[in-house]
Amino acid sequence: MSASPTPPAGSNNWTIAGIRRALESRQISARELTNEYYARIERENPRLNAFLALSTERAFAQADAIDAKIIGGEPLPPLAGVPTALKDVLNTRGTETTAGSRILKGYVPPYDATAIERLDRAGAIFLGKTNCDEFAMGSSNENSAFGPVHNPAALDRVPGGSSGGSAAAVAAGLAVVSLGTDTGGSIRQPGALCGVPAMMPTYGRVSRYGLIAFASSLDRIGPFARTVEDVARVMEVISGRDPLDATSADHPVPSYTAGINGSIKGLRLGIPAEYYAEGLDSAVRQKVEAGTARLKELGCVPTPIAMPHTPYAIPVYYLVATAEASSNLARFDGVRYGLRVPGTTLGEMYRKTRGAGFGAEVKRRIMLGTYALSAGYYDAYYLKAQKVRTLIKSDFDRAFQQVDLILTPTSPVPAFKLGERTDDPLAMYLADIYTVTGSLAGVTAISLPCGKVGGSLPVGLQVIGPHFEEGRVLRLARAFEAAGGFDL
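What you see is a predicted model; the values in this text were computed from it and never measured.

**Q** So what exactly am I meant to see when it comes to the environment of Pro78 here?
**A** Relative to the helices and strands, Pro78 is located in the loop between helix H3 (56–71) and strand S2 (83–87). On the accessibility criterion, Pro78 (51% relative accessible area) is exposed. Along the backbone, Pro78 and Gln402 are 324 residues apart, and their C-alpha atoms lie at a distance of 37 Å. Beyond its immediate stretch of four places on either side in the chain, Pro78 contacts Ile16, Arg20, Ala122 and Val237.

**Q** What am I meant to see in the packing of aromatic side chains here?
**A** A ring pair, where both rings are aromatic, is described by two values, the distance of the centres and the angle of the planes. Per the counting criterion, the structure on display carries 15 aromatic pairs. Ring geometry for Phe135 versus Phe358: centroids 5.9 Å apart, planes at 70°, classification edge-to-face. You can see Phe135 sitting in the loop between strand S3 (125–130) and helix H5 (164–171) and its partner Phe358 sitting in the loop between helix H10 (346–357) and helix H11 (360–373), a full 223 residues away along the chain. Accessibility expressed as a relative area gives 6% for Phe358, which makes it buried. Seen in terms of ring centroids, Tyr377 and Tyr381 are 6.2 Å apart; in terms of plane orientation they differ by 35°. Their pairing is tilted. Under the relative-accessibility criterion, Tyr381 is labelled partly exposed at 34%. One aromatic cluster is present, built from ring pairs that chain together Tyr107, Phe135, Phe332, Tyr337 and Phe358. Across from the ring centre of Phe416, 4.5 Å away, lies the NZ or CZ of Arg421, which sits over that ring.

**Q** Please clarify how the pairing of strand S8 (residues 301–305) should be interpreted in this entry.
**A** For a regular strand, the rule is simple: side chains alternate between the two faces of the sheet. Examined bridge by bridge, strand S7 (residues 268–272) and S8 share five bridges and lie parallel to one another. Across the sheet, Arg268 pairs through a bridge with Val301, a residue of S8. The parallel pair S7 and S8, bridged by helix H8 (residues 282–297), forms a crossover whose chirality is right-handed.

**Q** Can you walk me through the domain arrangement of the protein in this structure?
**A** Frequently, the measure chosen for interface size is the accessible area that the parts lose on association. Structurally, the protein comprises domain 1 (16–238), domain 2 (268–311 + 390–487) and domain 3 (315–379). For domain 1 and domain 2, the distance between their C-alpha centres works out to 24 Å. Across the domain 1 to domain 2 interface the summed buried area is about 3100 Å²; carbon plus sulfur atoms make up 62%. In terms of surface lost to domain 2, no three residues of domain 1 exceed Arg157, Arg188 and Val228, which account for 20% of the buried area on that side. On inspection of domain 1 and its partner domain 2, the count reaches zero salt bridges. Inspection of the domain 1/domain 2 interface yields 21 residue pairs in polar contact (both at pLDDT 80 or more). Put simply, the parts of the chain that give the side of domain 1 that touches domain 2 at least two residues each are helix H6 (188–194), strand S5 (198–200) and helix H7 (228–238). Take the side of domain 1 that touches domain 2: its biggest share by element is six residues, from H6.

**Q** For this particular structure, what's the right way to read the state of the cysteines?
**A** Two cysteines whose sulfur atoms are joined by a covalent bond form what is called a disulfide. Inspection of every chain in the model, using the stated rule, returns zero disulfides. Distance from the sulfur of Cys132, which forms no disulfide, to the nearest cysteine sulfur (Cys194) is 14 Å. Residue Cys132 is classed as buried on the basis of its relative accessible area, which comes to 0%. Here Cys300 stays unpaired: no disulfide links it, and the sulfur of Cys450, its closest cysteine neighbor, is 14 Å away. According to the relative accessible area criterion, Cys300 is buried, its value standing at 4%.

**Q** What exactly am I supposed to notice about the pattern of salt bridges here?
**A** Any two side chains of opposite charge can pair, given that their charged atoms come close. All told, the structure shown has 25 salt bridges when counted by the stated rule. One salt bridge in this structure joins Asp120 and Arg58, with 3.3 Å as the shortest N-O distance. Of the two residues, Asp120 is situated in helix H4 (residues 114–121) and Arg58 in helix H3; the sequence distance between them amounts to 62 residues. For Asp397, the salt bridge is made with Lys393, and the minimal N-O distance between the two is 3.0 Å. On the criterion of helical spacing, the pair formed by Asp397 and Lys393 is a turn pair, its members being four residues apart in helix H12 (residues 378–402). Classification of Asp397 as partly exposed rests on a relative accessible area of 33%.

**Q** Can you walk me through the environment of Gly100 in this structure?
**A** Note on placement: Gly100 falls in the loop between S2 and H4. Classification of Gly100 as buried rests on a relative accessible area of 0%. When the C-alpha positions of Gly100 and Gly471 are compared, they lie 32 Å apart, and in sequence the two are 371 residues distant. Discounting residues that sit within four places of it in the chain, Gly100 has contacts with Asp88, Cys132, Glu134, Ser144, Ala145 and Phe146.

**Q** What is the right way to look at the environment of Gly204 in this model?
**A** By the secondary structure assignment, Gly204 is in the loop between S5 and strand S6 (220–225). The exposure class of Gly204 is buried, given its relative accessible area of 7%. Residues Gly204 and Ser248, spaced 44 residues apart in sequence, show a C-alpha to C-alpha distance of 4.1 Å. Among residues more than four places away in sequence, those in contact with Gly204 are Thr247, Ser248 and Ala249.

**Q** Please clarify how the side chain of Ser55 should be interpreted in this entry.
**A** Here Ser55 shows up in the loop between strand S1 (51–54) and H3. With near-sequence residues (within four places) excluded, Ser55 lies in contact with Tyr38, Thr95, Phe126, Leu127 and Gly128.

**Q** In this structure, what is going on with the packing of H4 against H7? I would like to understand it.
**A** In a pair of packed helices, the angle between the axes and the distance between the axes together describe the arrangement. Packing of H4 against H7 leaves a shortest axis separation of 8 Å and a crossing angle of 110°. The angle between H4 and H7 places the two elements in the roughly perpendicular class. Residues Ala115, Arg118 and Leu119 of H4 lie in contact with H7, whose contacting residues are Val234, Val237 and Ile238. Its residues assigned to classes, the contact of H4 with H7 shows five nonpolar, no polar and one charged.

What counts and what doesn't
Residues numbered from 1 in each chain as written. Predicted model: local features only at pLDDT ≥ 70, side-chain atom pairs only at ≥ 80, totals over all residues. Heavy atoms only, no water. Helix = DSSP H or I, 4+ residues; strand = E, 2+ residues; numbered from the N terminus. Buried < 20%, exposed > 50% of the residue type's maximum accessible area, 1.4 Å probe, protein only. Contact = heavy atoms within 4.5 Å. Phe/Tyr/Trp six-rings, centres within 6.5 Å; stacked < 30°, edge-to-face > 60°. Lys NZ or Arg CZ within 6 Å of the ring centre and 35° of its normal. Pairing = 2+ DSSP bridges. Right-handed = clockwise from strand over helix to strand, strands pointing away. Domains from an automatic or database assignment. Buried area = accessible area lost by both parts, 1.4 Å probe. Salt bridge = Lys/Arg side-chain N within 4 Å of Asp/Glu carboxyl O. Polar contact = N/O pair within 3.5 Å; in protein donor to acceptor, adjacent residues only side chain to side chain. Disulfide = S-S within 2.5 Å. Axes fitted to C-alpha atoms, helices over the stretch in contact; angles between N-to-C directions. Parallel < 35°, antiparallel > 145°, perpendicular 65-115°, else oblique. Nonpolar A, V, L, I, M, F, W, Y, C, P; charged D, E, K, R; others polar.

What follows is the structure in structure tokens.
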């Protein structure tokens, strides 16, 4: 793996490996680097609204611990000194965690999510919590109770959602890496719209313990970074079985970085016609096709495939996800934590608390999910949706018998303007049309930058891989990056 040059202080181009070299050579201390990033956040966050809370006390304690290791000549952990941002749906000990909702305003968790605990042990520096759609429900980051995030590429446009704050923080150079969550595209779509690599792991690859749940059979935690190698490094740290999460997989975690520069010649890349139909912006299509052509030049073999149940993915997703959300969000009642609006009876207190605490989109999804699970409608809606979900998974199973990976656009359009779709929920839901299929099937995928349209708006190329084949996905992604695919 070729070593990238160590950037000067004040650069936006720090990488995990570059930080390690700079720390070991005493070019910069972890405390100085942390100060540098907090200065950027102070300068840039007012116009981006990417961070909701900063964890300065913990961050400087982490930085001082790394500096003490250096002074003592101790070996450094894999993410030593790396400034990291954390989506506000991940419980973080000692730092307010709201899930972007008024109903959790003031909630300070007493423990770390497993993924965050693993980052902490690996030496990462926790800068703070990033803005997100309320309870991760949205495709534009406009559903946050604390205001929308602005896309660093164009401040009048959305960054994508629900992990828009995590994507914007990395794209704007306010963090080296960040964690987001993906339920139906909420890592990949903001990665595409902000122009940074963003990975959704296989379901079960990363523990969900400590994640404030939206839809438990779909939610996943994954990284954003500026380089594919940094995505791989974070994946190595956060992946693996966790006894605290019964859905985490007891599957070996390989060294994703060890094979990242391997050959991709001969890889068969499935091109599903269903992802290139009506609704795909012509400029986005041209960039994705140019990305496919670049991979063909590198020796890959584009192969047409059929995924016939793709058109059903949006209705299936919005039945399954809302049904699970209606169950998961029942715990927010004003009794145990967060907001409480007094009432003369317990039922009145519930109603007033939820009425004041939940936003319009969360209420919409709770109502839809409760309806789909109600007596007389369960078989017609939820059960049928689960059956079609199985058919969508079967499409992927058959496809991966023919090809090694699948290439699609990540988003059908580039970043749209703030407010453009807020009055049209269906148009907003369709922003996830190319990502919900992989979510329903439980497979892994990454969104890669694939040039820009309109002068400044990033386009995303999605690479989808079989279950637990993150290494193969990352190898193709790194080859694409090295061949200039990010700047097509």
